[in-house]
Every structure is written in structure tokens, then in C-alpha cells.
Amino acid sequence: MTPPVMQAPQTHGAYLQSAVKQDGDGVTAKVPWYRTRTCKVIMVGLGILAATAAVAAYMASAFVATGILGAVGLVFWGIPLYQTIFAPKPLAQRTVSAAPQPLPKPIPPIAPFINTLTDYHGHTLKHYDLTSGGDRQILQHVQPCRPVHDPARPIIISHPEGAAGLARDYLLNNPEALIALGIAGNSGKPGGGLQDAYYQFNSAQVNRKAKGQEEALFSEWLINECGAGNSADQRDLFENTVQGQWGFTYGQTCKITRQGRDYTTLNNPAGYKDAWPLSNIPIDQSGRKVGYIIVAGPNTCANANDKTGEGSMANTLNARALTDYAFFKECVRQTLITLFISARAEGYDVMLVPQISCGIYAGPWKDAMTGTWQDPVTGMIHSDFSRGDFFQEILPSVLNEKIDNSGLTIGHLFNKVIVPTLPPKARGGRRAAGAGGHH
């Protein structure tokens, strides 16, 4: 992706040749009329004419006219001279169009680790396959965002509209940020529930408040770009970008995915080191965009609604992760490493981290991963995500992972690392889903 050409603000009249003084947010340029180059040239020229006329009047003994013309010439020379030397506060201002949001600058493809799968309507889908290595080769091409003494530390931010709402607010206050919005996806079916049992797009499931984070954020994209209820365009966009690019196909009899892995028997945590970055995702109607980074952590739970036992969750249930918590956590850790490396390689500098394998995929490990416990006295269930193993143990170990011999770590690659969560659910209430972002 080539760097964007920053368009010059549109100007009119005397401003046309002026150098625009643009604020940091690119919205307001304060340019008083007497500070523009065109007006300065005009005023100096008029001053010369007035001075010439004053000399002519003096030669003709018209002393009153000489005085008037001399005063006019001094005024024409004095204003630009005064402004240039003393730079007084602007007397007027004008509004210019907002500067375009910067675009991420991904590194060139590195075979066989980075491959472009689709490129449709400005959306590029890539596959980062680091299951057999490639981390070091990719990291050689990226630059840190933070100094050695100050790596990014993960923070939890609660937002009523979840990860999408948090991204919108963050861009509103930091328009120069390049946000990677992580999605805890399904290794067997892109978009999860947005595809039916026949692995076909189901527009009826497009819903910003879908229960799963993957479904909610894919819906966010399709609605923002195509419009709510525009099922034809939504289908076209989905089918030409992500559908069928990983996972299973309808009717296949084996459990080997397009990635070349059978997750049910996988015994190497590096088998979860896949990531699928999808570029230029509109986060609202204003034109602000983020990038999606889809990853899929270990699954230890089959779908209770799957009556056939042949759904993508049943066909990706990892038998060892179901009984070995240490193995399960290492699988999550490897998934996170790939998330961060691929996001930085695509040029993003702010990471919104999904709660990988902290929801239904966590199965018997959900309480430990999310910091949920039962009060032995009252019997009440309490939950504090900051006390769970995901935030306390796994995520910090990933950010502390060294990327070279200089002391730099993955935490140095990003300006901010944020884990979005939802506010606590009111008793009897229901929260919007895309929020926390977990599978």
C-alpha cells in the first residue's frame, strides 16, 4: 500500500497563493488577511506607487498631496512590516477541510510467511503463516514506536459500545492513530455465524449487537460500508474478501482446514500462529478507518447448538487443550504473538487486543482466564478480568517477548495496547456483544 498523498487545503481568492498555517488536527487554519503572501505583495506594490506619487506631488509643490500620499505609502509598507516582525494574533480565520487520516505502511510480502489472498474494493486480505517460523524475518522490517526504557503496558478500557466504540472515540481524540482492531475469530469458518451450515453468507445474521465479537465486528464493517439492510452489497463484499479464505468447505469429510492443520489433534502451540489482516475497515460514517486482524485461539468447547457434531467448532475442538491448561495457555500466547507481529508489520501503532479464548472457546478454563470466582461465604459469582490469567500472565509475557538483542520487546512496537471490555451488565440486562471481543 503506497503512502497517502496529503491533499492541500482548498483556498480561494487572495488565499490562493498563501502558505497555510494548519493546526495539528488539520481542521482549522488561522490565516489573517494581511499575513498572506499575495496581500503582502499587493500592499508593498501599492506602497511603492504611493511613494512615487508623493515624490511627483512634491516636485509639483503640491505639499498637501505629498503628505497624504506619503502617509498612505507608509501604511501600505508598515502593515506587512509590522506583521512580519511582531507577528500579532490573527484577526480572522478560516476553516479548511480535515487532513486525511494517515494510512498504515505495511512491509513488503515475505514468502512464504506473508501472502495476499484477496484485494477487493480497497480491502486487502493477507495471511500471515508463522507456524513454521518467520517471526525474526518479519521483525527485521519493522520499527518500534516507543523508546527502550518505556515499552507499552496493557490497559483495560471499558466502553458501552465495545471495541468498535472504543476505536471510534480513540480516533476522535487521536486522528493520527493507526488502529489494529483484533478479532478473536473461528479457525474453521471466516465470520463465524455470518455463514450458515452450508458455509454460505447469511445476511439475516448481520447485526452490530451480535452475541459473538467476530460476528458483531464483521457486521459493523458490512453495515458501515454497504448500509443496513443492503444484503446484496453485503454479500458481494463478504464473498469477495474473506469467505472461503480459511477453515472448512461445505461437504468435506476430513478435519484438515485450508491452513493445512487438523486442530483437533494439534499438539504444537505454534499451530495457532496464523493471522488474517483485513485493511481499510470503516469504523463509522465519517470516513475514519481501522484494520482488522483476525486470529483464532485454541477451542475447547463444541457448539451446543450443533446437532450433527460436524460444525466448525466441533471440528476444531483441541483434545489436548481441553485437559492441559498449561498447553492451552501457551496456545493462546502464540496466537497473541502472531496478532502483534502481523499488526505491526501492517503498519499499525495502536493495538486493541481481543480476549482470545476467554469466552466459549475457553471451556473449563474460562473462570481462570477471566478472573471469575465464587464467594465461598455468599455464593455470589464475581468477575474481575484484570485478575484473570489472560491479563495477568499471558498478555504481559507476550509484550515482554524480546524481538532483538538490544532489549526491545513486542511492547515497544506499539504506542498503546488496550484490551476493550464492556461495562458490568446490569442485573437482568443484556450487553452489546462486540465489546470485549472474545471467543
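Residues numbered from 1 in each chain as written. Predicted model: local features only at pLDDT ≥ 70, side-chain atom pairs only at ≥ 80, totals over all residues. Heavy atoms only, no water.

Caption draft 1: Local environment of the overall build of the protein chain. A tally of regular secondary structure across the protein chain gives 10 helices and 12 strands. By the burial criterion, 48% of the 439 residues in the protein chain qualify as buried. Considering only residue pairs separated by 6 or more positions, the protein chain has 68% of its internal contacts joining residues 24 or more positions apart. Counting every atom, the protein chain has about 21,000 Å² of accessible surface; 56% of that belongs to carbon and sulfur. (Helix = DSSP H or I, 4+ residues; strand = E, 2+ residues; numbered from the N terminus. Buried < 20%, exposed > 50% of the residue type's maximum accessible area, 1.4 Å probe, protein only. Contact = heavy atoms within 4.5 Å. Areas by Shrake-Rupley, 256 points an atom, 1.4 Å probe, with all protein chains shown as cover.)

Caption draft 2: Examining the nonpolar core more closely. Core analysis: the largest hydrophobic core is formed by 53 residues, its most contacted members being I138, L336, F340, V353, M369, F390 and L395. Here this core takes 12 residues from helix α8 (residues 325-345), the largest share from any one element. One finds L171, L181, F201 and I281 within the second-largest nonpolar core, a separate group that totals 35 residues. (Core = buried A, V, L, I, M, F, W, Y, C linked by side-chain atoms within 4.5 Å.)

Caption draft 3: Structural detail: the pattern of salt bridges. Under the criterion given, the structure shown has 13 salt bridges. Linking D135 and K273 is a salt bridge whose minimum nitrogen-to-oxygen distance equals 2.7 Å. Of the two residues, D135 sits in helix α3 (residues 135-139) while K273 sits in the loop between α6 (231-239) and β7 (274-282), which places them 138 residues apart along the sequence. Each member of the pair, D135 together with K273, is buried. For R168, the salt bridge identified is with E161, shortest N-O distance 3.0 Å. For R168, a relative accessible area of 16% translates into the label buried. Overlapping salt bridges, with partners in common, bring together E161, R168, R208 and E220 in one network. (Salt bridge = Lys/Arg side-chain N within 4 Å of Asp/Glu carboxyl O.)

Caption draft 4: Representation of the confidence of the model for the protein chain. Taken as a whole, the protein chain shows an average pLDDT of 84; of its residues, 82% reach a score of 70 or greater. Considering only residues more than four positions removed or in separate chains, one finds that residues 1-35, a stretch of pLDDT under 50, has 75 contacts. The low-confidence segment residues 427-433, where pLDDT is below 50, has 14 contacts with residues more than four positions distant or belonging to other chains. (pLDDT = per-residue confidence, 0-100.)

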